[in-house]
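Architecture and fold: a report
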Amino acid sequence: MIDLREAQSIAVLTGAGISAESGIPTFRGPGGLWRNFRPEELATPEAFARDPQLVWEWYLWRRRLIAAAEPNAGHRALVELERRTPRFTLITQNVDGLHDLAGSQRILKIHGDIWHSRCSACSYQRRDRSTEEMPPPCPECGAMLRPGVVWFGESLPRIVWDEAERAVSQADVLLVAGTSATVYPAAGLLHLARYVIEVNQEETPFSDRVAVSLRGSCGEVLPRL
Ligand code: BJW
Ligand code: ZN
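Now for a description of the structure that goes with this document. (Residues numbered from 1 in each chain as written. Chains lettered and ligands numbered in written order. Predicted model: local features only at pLDDT ≥ 70, side-chain atom pairs only at ≥ 80, totals over all residues. Heavy atoms only, no water.)

**What about the side chain of D113?**
The topology assignment puts D113 in strand β4 (residues 112-119). Residue class for D113 comes out buried when judged on its relative accessible area of 7%. For D113, the side chain forms a polar contact with the main-chain nitrogen of W115, separated by 2.8 Å. (Helix = DSSP H or I, 4+ residues; strand = E, 2+ residues; numbered from the N terminus. Buried < 20%, exposed > 50% of the residue type's maximum accessible area, 1.4 Å probe, protein only. Polar contact = N/O pair within 3.5 Å; in protein donor to acceptor, adjacent residues only side chain to side chain.)

Take a look at the structure:
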């Protein structure tokens, strides 16, 4: 059994479950639907090409939820863990920015950031706090702007992903919190880790393969860890 207090190097992978107690719906499971659409039907380049208005409405709705949300005890526990650990990397699949708001320092956002918009045609991108209207066309090329997140079928940001893989392979422990571990390549990080501790309310495909599987909410379990 590894003692987290002794670990010199810790990597953490978080998913939507860590923000659930801040009132942000997860993707899968109860409350994961928006107007009867599954996330898999909206978080794709094809959905955006077909109906950009619909996809933007979903993201603007989520931006409003996130704007009203605050980090919870789970986010804050990871700030404290970072403070106590010599080498620490927080890898998040979440686009909500609540880890930043809680005060985490070293964050790798492998699925992008909902508070960014980028051009669907060129490399233009900017911060975008709008919660009511989809942005105007790209000032550089006139194409449509889209949310600055990673959709199904798209590559993850190269440099950020390489750093995530390196951090996990070098860490003494990978702590995996609030993710169904069903979306790749993120879930593949568990295969690179030496020792995995999982925190989740439910079982995941990895629960019986990890070193320690803790059943409970992030807000309760992470502060105790
Ligand atoms: C709590 C809790 C509490 C609740 N406390 N716990 C290899 C094998 C199979 C498929 C693939 C593969 N490689 C690639 C694929 C295809 C695809 C994929 O993985 N599909 C699977 C569905 C099978 N992957 C991709 O397309 C990726 N790109 C890629 O691979 O590029 C290479 C490539 C290029 C070209 C062609 C082909 C390949 C990109 C994936 C991008 C995912 N994007 C999204 C949307 C981001 C933007 C947005 O937010 O809108 O990312 S989808 C969505 O899922 C989002 C999340 O980050 C991601 C993961 O979800 P997460 O965080 O795990 O949430 P949930 O809801 O699933 O789970 C919540 C968990 O919390 C549950 O377990 C609860 O029990 C728990 N929980 N409350 C503790 N309080
Ligand atoms: Zn452009």
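**As for the layout of surface pockets**
For the largest pocket, the calculated volume is near 910 Å³. Along the wall of the largest pocket there are 43 residues; nearest its centre are A16, T26, F27, R28 and S180. When contributions to the lining of the largest pocket are tallied by element, the ones reaching two or more residues are α1 (17-20), α4 (52-67) and β8 (196-200). Here the lining of the largest pocket is built from residues that sort into 20 nonpolar, 17 polar and six charged. Viewed by domain, the lining of the largest pocket spans two of them, domain 1 (1-23 + 71-111 + 156-225) and domain 2 (25-68 + 112-149), each represented by three or more residues. (1 Å grid on protein atoms, 1.4 Å probe; cavity = no way out; pocket = protein on both sides within 12 Å on 5 of 7 lines; lining within 4 Å. Points joined across faces, edges and corners; volume = space filled by probe spheres on them. Nonpolar A, V, L, I, M, F, W, Y, C, P; charged D, E, K, R; others polar. Domains from an automatic or database assignment.)

**Section: the pattern of salt bridges**
Per the counting criterion, the structure on display carries 17 salt bridges. Where D128 meets R126, a salt bridge forms, and the shortest distance between an N and an O atom there is 3.9 Å. When its relative accessible area of 4% is taken as the criterion, D128 is described as buried. Within the structure, one salt-bridge network assembled from shared partners comprises R28, R38, E40 and E41. (Salt bridge = Lys/Arg side-chain N within 4 Å of Asp/Glu carboxyl O.)

**Observations regarding the environment of R62**
Mapped onto the elements of the fold, R62 is located in helix α4. Ignoring any residue separated from it by four or fewer positions in sequence, one finds R62 in contact with F27, V95 and I114. (Contact = heavy atoms within 4.5 Å.)

**Looking at the coordination of the zinc ion (ligand 2)**
At this site the zinc ion (ligand 2) is bound by C119 (SG), C122 (SG), C138 (SG) and C141 (SG), with donor distances of 2.3 to 2.4 Å. The coordination sphere of the zinc ion (ligand 2) comprises four donor atoms, whose angles at the metal cover 100 to 118°; the geometry is tetrahedral. Of note, the donors binding the zinc ion (ligand 2) are all from one chain and are spaced C-x2-C-x15-C-x2-C. Separated by 22 residues along the polypeptide, C119 in strand β4 and C141 in the loop between β5 (125-127) and β6 (145-149) bring together distant segments of the chain. What makes C119 buried here is its relative accessible area of 3%. (Donors = N, O, S within 2.8 Å, 3.2 Å for Na, K, Ca; no water. Tetrahedral: all angles 85-135°; square planar, octahedral: opposite > 155°, others 65-115°.)

**A word on the sheet that holds strand β7 (residues 173-177)**
If you trace the six strands from one edge of the open sheet to the other, you get β3-β2-β1-β7-β8-β9, paired in parallel fashion. Strands with a single pairing partner mark the edges of an open sheet, and in this sheet they are β3 (107-109) and β9 (212-215). Between one strand axis and the next, the sheet turns through 15° on average, direction left out of account. Where strand β1 (residues 9-14) and strand β2 (residues 87-92) come together, six bridges link them in parallel fashion. Bridging across to β2, T14 finds its partner in T92. Packing of helix α5 (residues 73-84) onto the sheet brings it into contact with β1, β2 and β7, and relative to β2 it is tilted by some 150°. The strands touched by helix α7 (residues 158-170) are β1, β2, β3 and β7; relative to β3, the strand with the most contacts, the crossing angle is about 130°. (Pairing = 2+ DSSP bridges. Axes fitted to C-alpha atoms, helices over the stretch in contact; angles between N-to-C directions.)

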